[in-house]
Amino acid sequence: KLAGALEIKTINANIQSNEFTENSARTTGGAIYIEGEQNTIQKNNFTKNHANSLAGAIRWINANNGQITENNFEENYAQSGGAIYADGKNTRLANNTITHCSAGDNGGAAYLTGASATITDNKFSNNIAGSLGGALEIKSNNATIKNTRE
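Residues numbered from 1 in each chain as written. Predicted model: local features only at pLDDT ≥ 70, side-chain atom pairs only at ≥ 80, totals over all residues. Heavy atoms only, no water.

1. Observations regarding unusual backbone geometry
- Positive phi values are uncommon outside glycine, yet Asn12 reaches one of about 60°.
- Tracing the sequence through the fold places Asn12 in the loop between β1 (6-9) and β2 (14-16).
- At Asp121, a residue that is not glycine, the phi angle is positive and equals roughly 55°.
- One can find Asp121 in the loop between β18 (117-120) and β19 (123-125). (Helix = DSSP H or I, 4+ residues; strand = E, 2+ residues; numbered from the N terminus.)

2. Concerning the nonpolar core
- In terms of nonpolar packing, the biggest core is built from 26 residues, with Phe46, Ile58, Trp60, Ile68, Phe73, Ile84 and Ile98 touching the most fellow members.
- For this core, the secondary-structure elements that each account for two or more residues are β5 (32-35), β9 (58-61), β13 (84-87), β17 (110-113) and β18.
- When neighbours within four sequence positions are excluded, Ile58 is seen to be in contact with Ile32, Ile41, Phe46, Ile68, Phe73, Ala83, Ile84 and Tyr85. (Core = buried A, V, L, I, M, F, W, Y, C linked by side-chain atoms within 4.5 Å. Buried < 20%, exposed > 50% of the residue type's maximum accessible area, 1.4 Å probe, protein only. Contact = heavy atoms within 4.5 Å.)

3. Comments concerning the sheet that holds strand β10 (residues 67-69)
- Taken in spatial order, the six strands line up as β2-β6-β10-β14-β18-β22 in an open sheet, and their pairing is parallel. At either end of the open sheet lies a strand with only one pairing partner, and these are β2 and β22 (143-146). Here the average twist between neighbouring strands, direction ignored, is 5°.
- Relative to β18, strand β14 (residues 91-94) runs parallel, the two being bridged by four bridges. Within the sheet, the bridge partner assigned to Arg92 lies in β18 and is Thr118. (Pairing = 2+ DSSP bridges. Axes fitted to C-alpha atoms, helices over the stretch in contact; angles between N-to-C directions.)

4. Some remarks on the pairing of β5
- Here β1 runs beside β5; their pairing, made up of four bridges, is parallel. Bridging from a neighbouring strand, Ile8 pairs with Ile34 of β5.
- Where β5 and β9 come together, four bridges link them in parallel fashion. Across the sheet, residue Glu35 finds its bridge partner in β9, namely Ile61.

5. Topic: the packing of aromatic side chains
- Evaluated as defined, the whole model comprises three aromatic pairs.
- Here the aromatic rings of Phe20 and Phe46 are separated by 5.0 Å at their centres, their planes lie at 5°, and the arrangement is stacked. Of this pair, Phe20 sits in strand β3 (residues 19-21) while Phe46 sits in strand β7 (residues 45-47), and the two are 26 residues apart along the sequence. Assigned by exposure class, Phe20 and Phe46 land together as buried.
- In this structure an aromatic cluster arises from ring pairing among Phe20, Phe46 and Phe73. (Phe/Tyr/Trp six-rings, centres within 6.5 Å; stacked < 30°, edge-to-face > 60°.)

Below you can see the structure in the form of structure tokens.
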């Protein structure tokens, strides 16, 4: 099963001002599974969501020019990407607060792959991973991290 609450396959979607609490997916995207470019996920709360494989809260495939901004993530869990697992180019994470999220393997808060990730003005605290990246695991040929704090 993909997505505990919301499965979207489109471009230019705006997911804004929602509460996602205690959702689960057997495989990926505890709260949201999304495929498509130029989407925005903004001003949402993600609490205690779970996926058995990837992305406790948000699993995003083809996140090209996508934005995850001004969200709160708390106590989300997955094997990789405790809160977020995103693949794409020019993916942007900004002004999010991610706390007490965990991954059994990599990326306690977030796991990002693809070309060019930008992470700015986020707060990561008390996240944990079983292997690599307690807060972030990034596999990108061009990553920018600015004004991010613990």
